[in-house]
Amino acid sequence: MTYENIVLDSRDRIDSSTSHAIAAAQLRGEARAPGRNPLQVVRAIAAELKGLGLRPNLRELARRYDVGESTPSTWLRDGGAAPG
């Protein structure tokens, strides 16, 4: 199994400051997810990352938080952060 970054931007664009901002966004998303439901956590983190101007890697976030869905685009349509 491969492990990917939680953002789709290339590694050469992610400096130390951006890396810290990504970690903080992940923590904020985890903290604001109601009930800590895995799908809600992924949606919250994706929204935080988009707020930083980054593109969230939805498939990797879903894997890390064990959402259990194979196609993130289907579960993000209903009020979640849209891919892109």
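Our structure's up above, just so we're on the same page.
Criteria and thresholds
Residues numbered from 1 in each chain as written. Predicted model: local features only at pLDDT ≥ 70, side-chain atom pairs only at ≥ 80, totals over all residues. Heavy atoms only, no water. Helix = DSSP H or I, 4+ residues; strand = E, 2+ residues; numbered from the N terminus. Contact = heavy atoms within 4.5 Å. Core = buried A, V, L, I, M, F, W, Y, C linked by side-chain atoms within 4.5 Å. Buried < 20%, exposed > 50% of the residue type's maximum accessible area, 1.4 Å probe, protein only. Salt bridge = Lys/Arg side-chain N within 4 Å of Asp/Glu carboxyl O.

Asks: Can you tell me about the side chain of E60, naming the residues and giving the values?
Replies: When you line up the elements, E60 lands in helix α3 (residues 58-64). The residues contacting E60, other than those within four sequence positions of it, are Y3, E4, N5 and I6.

Asks: Explain the nonpolar core to me, and be specific about the residues and the numbers.
Replies: I6, V7, I22, I45, L49, L61 and Y65 are the most contacted members of the largest nonpolar core, which has 15 residues in total. Looking at this core, the element that brings in the most residues is helix α2 (residues 38-51), giving 5 residues. In this structure, I22 is in contact with I6, V7, I14, L49, L52 and L54, ignoring residues within four places of it in sequence.

Asks: I'd love a proper account of the pattern of salt bridges, names of residues and values included.
Replies: What the rule picks out here adds up to 4 salt bridges. Across the pair E48 and R32 runs a salt bridge, and its minimum N-O distance is 3.0 Å. Remark: R32 occurs in helix α1 (residues 16-32) and E48 occurs in helix α2; sequence separation between them is 16 residues. A relative accessible area of 46% means that R32 is categorised as partly exposed. We note a salt bridge from E60 to R64, for which the minimum N-O separation is 2.8 Å. Here R64 and E60 lie together in helix α3, a separation of 4 residues that amounts to about one turn. Here the residues in one salt-bridge network are R28, R32 and E48, joined through shared partners.

Functional significance is not addressed by these values, which are geometric in nature.
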